[in-house]
Amino acid sequence: QVQLMESGGGSVRVGGHLELSCAPSGYIFRSCNMGWYRQAPGKERELVSSVSSDGTTLYADSVKGRFSISRDNAKNTLNLEMNNLKTADTAVYYCALELGQYSGAYCSVYWGQGIQVTVSS
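Residues numbered from 1 in each chain as written. Predicted model: local features only at pLDDT ≥ 70, side-chain atom pairs only at ≥ 80, totals over all residues. Heavy atoms only, no water.

*Asks:* In this structure, what is going on with the environment of Tyr102? I would like to understand it.
*Replies:* As for its position among the elements, Tyr102 is in the loop between strand E9 (91–100) and strand E10 (108–111). Take Tyr102: its relative accessible area is 55%, and that puts it in the exposed class. Considered as a pair, Tyr102 and Phe29 are 73 residues apart in the sequence and their alpha carbons are 5.3 Å apart. (Helix = DSSP H or I, 4+ residues; strand = E, 2+ residues; numbered from the N terminus. Buried < 20%, exposed > 50% of the residue type's maximum accessible area, 1.4 Å probe, protein only.)

So this is what it looks like as structure tokens:
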């Protein structure tokens, strides 16, 4: 029943900026780890960045220094700030939230439907 709403994608020029957001619907008791993945046409889905429940962040080498991930634990939302975008960043971006829907439940992974980011020269 939980669904993830992604927003903030679009088309930008090389060097531009975009900010992606991911917000769950439905009742959320708690959240665990969160992350952003992306998949370019004909390629495998890859992890872009993640943030753990304690705030520890991880970035793919390709985006280090350019992207910044953050979370709002009060709202169970996830954000990805993307700066100095490159054409190689063009992909469909998916948020993945580990959420627990009731007290005592382990977190389960929920996926967004994907949002397009296009970077052109």
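*Asks:* What is the right way to look at the sheet that holds strand E1 (residues 4–7) in this model?
*Replies:* Two modes of strand pairing occur in sheets, parallel and antiparallel, and in both the strands are linked by backbone hydrogen bonds. One open sheet accounts for 4 strands, arranged E1-E3-E8-E7; its pairing is antiparallel. Each edge of the open sheet carries a strand with a single partner, namely E1 and strand E7 (67–72). Adjacent strand axes in the sheet meet at a mean angle of 15 degrees when their direction is disregarded. Pairing of strand E3 (residues 18–24) with strand E8 (residues 77–82) involves 5 bridges; the strand directions are antiparallel. Looking across to E8, one finds that Glu19 is bridged to Glu81. (Pairing = 2+ DSSP bridges. Axes fitted to C-alpha atoms, helices over the stretch in contact; angles between N-to-C directions.)

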